[in-house]
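# Breakdown of the fold
The residues making up each chain are set out below.
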Amino acid sequence: MAAPGKVAAFRLPPLPTVGDIIKLFRLKAQKQLSQNFLLDLRLTDKIVRQAGELKNAHVCEVGPGPGGITRSILSAGVEQLLLIEKDARFIPGLQMLSEAAPGKVRIVHGDILTYKMEKVFPKHLKKNWEDEPPNIHIIGNLPFSVSTPLIIKWLENVSKKDGPFIYGRTQMTLTFQKEVAERLTANPGGKQRSRLSIMSQHLCTVENCFVIPGQAFVPKPEVDVAVVHFTPLVQPKIQQPFELVEKVVKSVFQFRRKYCFRGIGTLFPESGRLKRTEELMMTANVDPTLRPFQLSMSQFRNLCNTYRKMCDEDPSLFVYNYREELRQKKMRPLLKSTSQLEQTEEENQL
């Protein structure tokens, strides 16, 4: 019996092991979907602990697969668990878990990249952005192929306070390739400092929790895996629209090994590029001979703020696309030679 005044902890009834589930439903990890199963429940428990206190929480698990992390989440005493799984082969095994935890689990067969999360949790869980994070968590052992586009999508949601962040500063505990996790958490000057570092750290507190060796997964991936925890910041470090910040950061890192002057120049059309690049860097007080990975968050903030002022003065700047200009430049000689060929053929016919 539970001690007086205490609620008894939730326990799953005896179930087949995750390995047995894989054999029972003849599940095989698909390489093209970069699937890797984590069967060690001690490790799945450790991942779930990184999310914090989950008792009576509402949790969304992304890509539960055969359900290893799912079991650990349920054992933590959550109120409700939403499972979003793209691969239909895993649904029967997850339904078995759902039946073992009546009323706690909802399974959605869908793609997390397109699934709308604005209405998946009860309205009463909503918190003001300035308050403590809501009792909502996103947890997932993400396939490598989806992890980067998904975190960029969610960072954009953080910036706009929509999607799963319409409820407040929803926390996320996710797995990434070790190298991607190092990029997410890299400091200025670090060799892994990248676009991901700036985009994530200007919007969230990002913590690289621990590394899981590749051999813990089935099949064994060629890389190790890291668990990363995200908590959205009350105030972003760069107070500009997501699209603008992403454009500036992407441009800076376009020529990672060259001086940052080179990448920043791609924000401007070829005519007047040098003058405008100098104006931007001088106003933002950024040394043009620094490499992109050496720039601090405050320097990126200055670049974004100055670029915003330049775009306000000349709205055509923001829609300018360096790669498109480059493509058209390469096409010109081809179009010219085609035109000349057509002219010659016309003359021959005459």
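Reading the values: rules and limits
Residues numbered from 1 in each chain as written. Predicted model: local features only at pLDDT ≥ 70, side-chain atom pairs only at ≥ 80, totals over all residues. Heavy atoms only, no water. Helix = DSSP H or I, 4+ residues; strand = E, 2+ residues; numbered from the N terminus. Buried < 20%, exposed > 50% of the residue type's maximum accessible area, 1.4 Å probe, protein only. Contact = heavy atoms within 4.5 Å. Salt bridge = Lys/Arg side-chain N within 4 Å of Asp/Glu carboxyl O. UniProt positions renumbered as here; feature names shortened; annotations may be inferred. Polar contact = N/O pair within 3.5 Å; in protein donor to acceptor, adjacent residues only side chain to side chain.

### Side note on the environment of glycine 67
- Turning to its location among the elements, glycine 67 is positioned in the loop between strand E2 (58–62) and helix H3 (68–75).
- Here glycine 67 falls in the buried class, since its relative accessible area comes to 0%.
- On a C-alpha basis, the gap between glycine 67 and leucine 94 in space is 6.4 Å, while along the polypeptide they are 27 residues apart.
- Setting aside chain neighbours within four positions, we find glycine 67 in contact with Leu94 and Leu97.

### Let's talk about the pattern of salt bridges
- A full pass over the atoms with the stated rule returns 12 salt bridges.
- In this structure, lysine 160 and glutamate 243 form a salt bridge, with 2.7 Å as the shortest nitrogen-oxygen distance. Highlighted residues: lysine 160 in helix H5 (residues 144–160) and glutamate 243 in helix H8 (residues 242–252), separated in sequence by 83 residues.
- With a relative accessible area of 34%, glutamate 243 lands in the partly exposed category.
- A salt bridge links glutamate 246 to arginine 195, with the nearest nitrogen and oxygen atoms 3.1 Å apart. With glutamate 246 in helix H8 and arginine 195 in helix H7 (residues 195–201), this residue pair connects regions lying 51 residues apart in the sequence.
- Residues participating in the shared-partner salt-bridge network are Glu156, Lys160 and Glu243.

### Let's talk about the UniProt feature "binding site: S-adenosyl-L-methionine" (unreviewed entry) in the chain
- Within this structure's numbering, the places UniProt gives as "binding site: S-adenosyl-L-methionine" (unreviewed entry) are Asn36, Leu38, Gly63, Glu85, Asp111 and Asn141.
- Mapped onto the elements of the fold, glycine 63 is located in the loop between E2 and H3.
- Residue classification places glycine 63 among the partly exposed residues on the basis of a relative accessible area of 26%.
- Once residues lying within four places of it in the same chain are set aside, the contact partners of asparagine 141 are Asn36, Val62, Gly63, Ile69, Thr175 and Phe217.
- A distance of 2.9 Å separates polar atoms of two side chains, one belonging to asparagine 141 and the other to threonine 175.

### Examining the side chain of arginine 273
- Along the polypeptide, arginine 273 turns up in helix H10 (residues 273–284).
- A polar atom in the side chain of arginine 273 sits 3.1 Å from the backbone oxygen of glycine 265.
- At 2.9 Å, the side chain of arginine 273 and the side chain of tyrosine 320 are in polar contact.
- Contact partners of arginine 273, with chain neighbours within four places excluded, come to Gly265, Phe268, Tyr320, Tyr322 and Glu325.

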